[in-house]
Amino acid sequence: MNDVLEAREAIRVNTQALAERYWAREEVADLIANHTAMIDSVVRRFWDKHFAGAKNMTLLAVGGYGRGELHPYSDIDLLVLGKAPHKHKGAIEAFLRDLYDLNLEIGHAVRTPKECRDVAAADITVATALLEHRFLAGEANLEALLKKQLKSRKVWPSADFFHAKRDEQKKRHDRFDNVDYGLEPNIKSSPGGLRDYHTAMWVCLRHFGTSDPDALVTLGALTEQEKNWLVNGRRFIWWVRFGLHLLANRKEDRLQFEHQRELAQRLGYADTEAQLGVERFMHAYYRHVSLLREVNDILLQHFEEQIFKERSEKITPLNERFQLRGGYVEAIDEEIFESKPATLMELFVVMASRKDVAGVRANTIRAIRDNLDRIDEDFRCDPEVTEHFINLLRSPYMLVSTLTRMRRYGVLGRYIPEFGRIVGQMQHDLFHIYTVDAHTMQVIRNLRRFFYRSAEKLYPVASHCVKKIARIELLYMAGLFHDIAKGRGGDHSELGAIEAEKFCRMHGLNDADTELVSWLVEKHLMMSSVAQREDIYDPEIIHEFAETVKSERRLDFLYTLTVADINATNPTLWNSYRATLLRHLYVATRRALRRGLESPVDKKATVIEARESVREKVFAASPDLDPEAVDRFLSSPGDEFFIRHSPRHIANVALELIGQDERNAVHICNYTPQVEEESTTEIYLYTADRPGLFGASAMALDKLGLSVFEANINTSEEGLCFNSYVVLDRDANALDEDKHAHIAEVFASSLDTNWEAEHQASKGVDRAAKQMFKSTEVDIEANESVDCSTLTIHASDRPGLLAEIGMLFNRYGVRVLQARINTLGDRVEDIFEIQTAEHEPYGESLAYDLSHAIRQTLDWNQHQTL
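Now for a description of the structure that goes with this document. Keep in mind it's a predicted model, so treat the numbers as computed, not measured. Residue numbering note: each chain is counted from 1, following its sequence as written. Confidence filtering applies because this is a predicted model: local features only for residues at pLDDT of at least 70, side-chain atom pairs given and counted only at 80 or more, and all residues used for totals across whole chains, interfaces and linings. Side-chain calculation: all heavy atoms of the structure are included, whereas hydrogens and water are not.

Starting at the N terminus, helices and strands are each numbered in turn, a helix being any DSSP run of H or I of at least four residues and a strand any DSSP run of E of at least two. Counting its regular elements, the protein contains 41 helices and 17 strands. The buried share of the protein, reckoned over its 866 residues, is 56%. The Shrake-Rupley method, run with a 1.4 Å probe sphere, supplies the accessible areas, and residue values consider only the shown protein chains as cover. Of the roughly 37,100 Å² that the protein leaves accessible, carbon and sulfur atoms contribute 47%. For the purpose of counting charges, residues Lys and Arg are taken to be positive, whereas Asp and Glu are taken to be negative. His and the chain ends are not included. Charge positions come from single atoms, namely NZ of Lys, CZ of Arg, CG of Asp or CD of Glu. Counting 108 positive and 135 negative side-chain charges, the protein places the averaged centre of each group 9 Å from the other. Remark: exposure states derive from per-residue accessible area (1.4 Å probe, protein chains only) relative to the maximum for the residue type, with buried under 20%, exposed over 50%, and partly exposed in between.

Listed below in structure tokens is the structure:
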């Protein structure tokens, strides 16, 4: 066996042994040191092979290899240093060729010490890599010469190095939207990841000549607590990264869903009744990266304030306890938090009452953290403190930024212990894209946004509602507590309402305001649920909802919180269809409340009146129409159509469809309630009833690239169908009106296609959706109010899903009377009112057979795409 094969086998055996030790939970720092030593020995062996007796040649490890931080598949970065390296060209090429044949990821540079100086002076990345070089082999005197060259004034003086690394980090954070809680974080480059740790240590190494955490404490750059956060956070991320390399069998820094689950399971994070093991694992990850980011931030801020001050700072007194220095708030006396703990809350009220505050001085942040233990039950019950907190929620400026700082400094989690438990808590799905605490901050941010002029166009109803709310702090309290009980098990809305009530009473709210906040927390999902799952055009549903809401004041609060919550959960959930649903539910409920709940709408009389009004408008516009044709049309739609739309709109639809061939008459129009951002497109089909019509329609719409959000299927006694479909394009926008005619023509001509022969199951599914696949759930219940059954399907979303369901309906003779399509991130909840081919509801046996067929077929089709 030649030396390359022998070395390759030695590396393989060592990596396998390291993997066994890793899964046996040995200390990860020892594993990294062992792997680095193994690579060192191999590299030195081949250096000695090709450079035996060579003069003025040195081999250095740089970058992560220079730090001795090699994970199983990390890059091996080398610097071949020589006084005249071109004289050894053949040996260098042979040396590198052997290393590449080892199947290692080799990065290399060949330079003289002076060339290193010149390149480093021009490139901060090279300068950083050289900063952590480590001698491997050759003549040590060349390394000493390199160090001398790098001390040149031309090579990034400490202040210049600091500002360059700070700016580099800012750009990197911007690439990740400045968030450290991504669903699939990059454990190296995301905010709070390893690169933040490295940046802080590089700055210290360049300025102090050391990056040893204990030495930095002695130098006053770190506190003992910050050192512990730094060391523990680095160890945890090393632990995760080492396992990630082993699972991926390659260099990998993105913590994807499949790896999260396997790491959680193999590292001992078991499921509990309240949380999945993977959620507990990611909770630990987010907490560590959050603390690492805090150390990074405060260390860089310390350098900026204390070491690299660019100019004298203007000092502005704020009150007897605080002042503004260079735009940053600081305590005049850092012992004030010890002598007067209420100032821990007052500080944030002061910040939120001014526009010109950029942040908090590093020494004051540290003083806050040193006094967190003073935030105890006595502190929480102190009337001065509770008054400060209420005033904070009423503050005119930077409320969200201030609350976010309170969260980051540990104050908010101590003041509201229930909030402390949700910091860093994630939910393992594609529906919730933020951790619970970050989502909560986003909800409050959205509530603030509704006051801005820009919100009048994007969120007109919410903008109208929020300006009617007299005590806005009550809305912010509901936002703070709406998800505060997640992760405990049980109904988080009910548990959160109990916590909210306690908090309100502790803050001196009266009974009415306390009851409102508690009710909002308990019911914060109700309006969205009713809008998406119920027939909100049915006056009885509106009346029932209004009875629960009880007052217009409550309605304004609930609507505003609902819209803020949806947009903070996942921005893709908010589209014109959901906006239209919630607007209608709000307006209809407000109308019911103003009319009085003792005077409900007479649904039957309303429909009769609407039909007559439509008939009059149709004949007024076209007197020569056949009365029988008009009556046939007016008997086809269900009652909902006449309640949902104005007589003018229905008359226009009738005039478009009655004159067409009743085989496949199609009309398309955009429906815009008041603002263009809430526009949806409705496709109306007026045709003779026949088996498989819904399935054919669903597949035709899918082929056209349209997403169906709602379908209403109505069949008259004469066998005529009047079906309507609310659709948006793939970007969740209403269709361009100039495309209506073409789409109508293609749709009509596609209805008689043999889709059974042409249909192909499930198109491509993105990687994240594949990894988050969940089995289909099906439920069929008898609907006692009408002669049909209610079918509910919960399934993993993917392109063409509704077409698959339509194909199944065709195959099993299912008649669809109504459909509501609801997409929630990576999951769909589709609700159908159905009958058998004999126009009867499903009995127990038939319901079981259909449920089984749907589950089996949809899951099989999904697996075909994985």
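Read on, since the account is not over.
A few words on the pattern of salt bridges. Salt bridges are identified by distance alone: a Lys or Arg side-chain nitrogen within 4 Å of an Asp or Glu carboxyl oxygen. Taken as a whole and assessed by the stated rule, the structure comprises 61 salt bridges. Between Arg361 and Glu330 there is a salt bridge; the shortest N-O distance is 3.7 Å. In this pair, Arg361 sits in the loop between β8 (359-360) and α16 (362-370) while Glu330 sits in strand β7 (residues 328-331), placing the two residues 31 residues apart along the sequence. The class of Arg361 is buried, set by a relative accessible area of 4%. Residue Arg644 pairs with Glu640 through a salt bridge whose shortest N-O separation is 3.2 Å. With Arg644 and Glu640 both in helix α34 (residues 639-644), this residue pair falls four residues apart, about one helical turn. Judged by its relative accessible area of 11%, Glu640 is buried. Here the salt bridges do not stand alone but share partners, grouping Glu226, Glu294, Asp297, Arg366, Arg369 and Arg408 into one network.

This part covers the sheet that holds strand β6 (residues 322-325). Working definition: the strands of a sheet are paired by backbone hydrogen bonds and lie parallel or antiparallel to each other. At least two bridges found by DSSP between two strands are what make those strands a pair. With respect to topology, four strands assemble into an open sheet ordered β5-β6-β7-β8, the strand pairing being mixed. This sheet does not close on itself; its edge strands, each paired only once, are β5 (315-317) and β8. Note that β5 and β6 share three bridges and pair antiparallel. Counted as the bridge partner of Pro317 is Gln323 from β6. Contacts from helix α15 (residues 343-352) reach β6, β7 and β8 within the one sheet, and its direction differs from that of β6 by about 45°. Note on contacts: a residue pair is in contact if any heavy atoms of the two residues lie within 4.5 Å. Lines fitted to the C-alpha atoms define the axes, with helices restricted to the stretch that makes contact. Angles between their N-to-C directions range from 0 to 180 degrees.

Okay, the packing of aromatic side chains next. Note on ring pairs: Phe, Tyr and Trp rings are taken, using the six-membered ring of Trp, and paired if centres are within 6.5 Å. Classes follow the plane angle, with under 30 degrees stacked, over 60 edge-to-face and the rest tilted. In total, this model carries 32 aromatic pairs according to the counting rule given. Each ring, one from Tyr22 and one from Phe242, has its centre 5.4 Å from the other, and the planes form 25°; the classification is stacked. Pair noted here: Tyr22 is in helix α1 (residues 3-23) and Phe242 is in helix α11 (residues 224-248), with a separation of 220 residues, a long-range link. Of the two residues, Tyr22 and Phe242, neither departs from the other in class, the shared state being buried. With 5.2 Å between their ring centres and 80° between their planes, Phe633 and Tyr686 make a pair best called edge-to-face. Note that Phe633 is positioned in helix α33 (residues 627-634) and Tyr686 in strand β10 (residues 680-688), a separation of 53 residues in sequence. According to the relative accessible area criterion, Phe633 is buried, its value standing at 0%. Put simply, the rings of Phe633, Phe641, Phe642, Tyr684, Tyr686 and Phe722 pair up and form one aromatic cluster.

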